[in-house]
Amino acid sequence: TFDLLVIGGGPAGASSAIYSARKGIKTGVVADRFGGQVQDTMAIENFISVKATEGPKLVQSLEAHVNDYDVDVMNGQRVKNIIEAEVNGGLITVELENGASLQTRSAILATGARWREMNVPGEQEYRGKGVAYCPHCDGPLFKGKSVAVIGGGNSGIEAAIDLAGIVEHVTVLEFDSKLRADAVLQDKARSMDNISIIVNAQTTEVLGNGKHVTGLNYLCRESQQTKQLALAGIFVQIGLVPNTQFLQGTVALNQRGEIITTSSGETNIPGVYAAGDATDSPYKQIIIAMGSGASAALGAFDYLIRTPEV
Ligand code: FAD
């Protein structure tokens with residue numbers, strides 16, 4: 001039996017585990033893949049106090065830091081269900097896909113999210129070589145170059161406005177016949193002379209030279225003609241999907257599937273907290289995930305010391 005079981009081994013989960021173990025309580029981590037999205041990240045230049053690093057290197061440091069404490073890390077394990085305690089202060093059951101189940105007095109859900117992909121040829125090959133998902137992270141790598149933003153919703157148009165201040169030119173490609181972003185964002189984007197917007201555009205292929213992105217092909221859905229753009233970067237902004245499907249029906253989620261949390265990370269279930277990209281907190285970043293992991297662990301500790309064990 002754990003005092004606190006963390007589900008997820010990304011920056012939010014690692015931070016939760018360290019904060020928890022430092023309280024001297026029995027802490028465990030169940031992670032499908034320790035490191036999470038950071039494993040897939042090349043350059044990281046906004047993890048404050050570390051000027052530049054790479055994802056796998058940061059994951060090694062996270063792992064070493066967690067292993068410095070008495071934390072039971074169960075890597076390569078997926079959680080399929082969590083069951084609320086029957087009575088207040090009772091044990092929460094966490095069921096794994098391998099059939100095992102774990103019991104804990106409190107839990108932190110830190111299962112992160114994944115960017116929705118275009119699923120077109122070239123996207124995987126050039127991921128991190130021009131195909132990017134995070135303008136806050138990778139925008140500065142394209143200083144003075146031409147990029148495209150795929151998606152004309154709020155995140156796409158916000159990305160275009162953000163990138164327009166850094167890069168030479170931004171082309172927004174929207175599949176639909178009109179943008180879906182809020183009018184105020186559309187007006188702002190249209191007022192910037194280095195943003196152009198193409199609607200009815202279905203991206204069909206990422207083009208590259210073997211080393212990095214050189215452009216893309218898109219189908220003009222009106223004329224049914226394939227057109228080409230020369231680009232150094234492609235920012236895919238067609239949605240961030242939280243890894244919370246397994247919580248449906250137990251933990252309260254918002255319309256986007258994000259876990260609804262209070263400022264100390266509480267969910268609707270007593271003793272169950274949440275942190276990082278899986279939650280409804282705005283702005284999905286490593287430093288934010290770590291901060292919310294710390295809050296959730298302190299919140300859970302507060303719960304444990306105030307709730308009599310049954
Ligand atoms: P994640 O990192 O997504 O980790 C989730 C964890 O939960 C993983 O261990 C996963 O295996 C596990 N998990 C999921 N479901 C289950 C389950 N059912 N059972 C058990 N375990 C489960 N941010 C920056 O600040 N700077 C950057 O430069 C930057 N660049 C990025 C580049 C890329 C390509 C990507 C994809 C993201 C980037 N980000 C960057 C965003 C950053 O990686 C995320 O905000 C951060 O990793 C979120 O941390 P997290 O712990 O909430 O979730």
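Data block above holds the structure.
Because the structure is a prediction, the values reported are computed rather than measured. (Residues numbered from 1 in each chain as written. Predicted model: local features only at pLDDT ≥ 70, side-chain atom pairs only at ≥ 80, totals over all residues. Heavy atoms only, no water.)

J.: Mind showing me how you'd approach the pattern of salt bridges here?
T.: Charged atoms that come close allow side chains of opposite charge to pair. A full pass over the atoms with the stated rule returns ten salt bridges. Across the salt bridge formed by Asp32 and Arg78, the nearest N and O atoms sit 2.7 Å from each other. On the criterion of sequence distance, the pair formed by Asp32 in the loop between strand 2 (27-31) and strand 3 (43-44) and Arg78 in the loop between strand 5 (71-75) and strand 6 (79-83) is long-range, its members being 46 residues apart. Measuring nitrogen to oxygen at the nearest pair gives 3.7 Å for the salt bridge that ties Glu309 to Arg105. Of this pair, Glu309 sits in the segment after helix 6 (286-306) while Arg105 sits in strand 8 (residues 101-109), and the two are 204 residues apart along the sequence. Its relative accessible area of 61% is what places Glu309 among the exposed residues. The class for Arg105 is buried, based on a relative accessible area of 11%. The structure contains a network of salt bridges with shared partners spanning Asp3, Arg105 and Glu309. (Salt bridge = Lys/Arg side-chain N within 4 Å of Asp/Glu carboxyl O. Helix = DSSP H or I, 4+ residues; strand = E, 2+ residues; numbered from the N terminus. Buried < 20%, exposed > 50% of the residue type's maximum accessible area, 1.4 Å probe, protein only.)

J.: What should I look at first to understand the pairing of strand 12 (residues 169-173) in this one?
T.: Of all five residues in strand 12, four are buried, a share of seventy percent or more. When strand 11 (residues 146-150) meets strand 12, the two strands line up parallel, connected through five bridges. Bridge pairing in strand 12 places Ala148 opposite Thr171. Crossover handedness for the path strand 11 to helix 4 (residues 154-164) to strand 12: right-handed. (Pairing = 2+ DSSP bridges. Right-handed = clockwise from strand over helix to strand, strands pointing away.)

J.: I keep staring at the site of the ligand and nothing clicks. Help me out?
T.: Around the ligand, 33 residues are found, and the nearest of them are Arg33, Gln37, Asn46, Val79 and Ile286. Between Asn46 and the ligand, the recorded distance is 2.8 Å, taken from a side-chain N or O atom to a nitrogen atom. (Near = heavy atom within 4 Å. Polar contact = N/O pair within 3.5 Å; in protein donor to acceptor, adjacent residues only side chain to side chain.)

J.: So what exactly am I meant to see when it comes to the packing of helix 1 (residues 11-21) against helix 6 here?
T.: In a packed pair of helices, the relevant descriptors are the angle between the two axes and the axis-to-axis distance. Orientation of helix 1 relative to helix 6, taken along the N-to-C sense of each, is 35 degrees, at an axis distance of 7 Å. The interaxial crossing formed by helix 1 with helix 6 has right-handed handedness. Side by side, helix 1 and helix 6 meet where Pro11, Ala12, Ser15, Ser16, Tyr19 and Ser20 of the first sit next to Ile286, Ala289, Met290, Gly293, Ala294, Ala297 and Leu298 of the second. Classifying every residue of the contact of helix 1 with helix 6 gives nine nonpolar, four polar and no charged. (Axes fitted to C-alpha atoms, helices over the stretch in contact; angles between N-to-C directions. Left-handed = near helix turned anticlockwise from the far one by under 90°. Contact = heavy atoms within 4.5 Å. Nonpolar A, V, L, I, M, F, W, Y, C, P; charged D, E, K, R; others polar.)

J.: Hey, could you run me through the packing of aromatic side chains in this one?
T.: Given two aromatic rings, one states the distance between the centres and the angle between the planes to describe the pair. Enumeration according to the criterion identifies three aromatic pairs in this entry. Here the aromatic rings of Phe142 and Phe235 are separated by 5.4 Å at their centres, their planes lie at 75 degrees, and the arrangement is edge-to-face. Remark: Phe235 occurs in strand 17 (residues 233-236) and Phe142 occurs in the loop between helix 3 (135-138) and strand 11; sequence separation between them is 93 residues. Residue Phe235 is classed as buried on the basis of its relative accessible area, which comes to 0%. Its end group placed over the ring of Phe175, Arg221 keeps NZ or CZ at 3.9 Å from the ring centre. (Phe/Tyr/Trp six-rings, centres within 6.5 Å; stacked < 30°, edge-to-face > 60°. Lys NZ or Arg CZ within 6 Å of the ring centre and 35° of its normal.)

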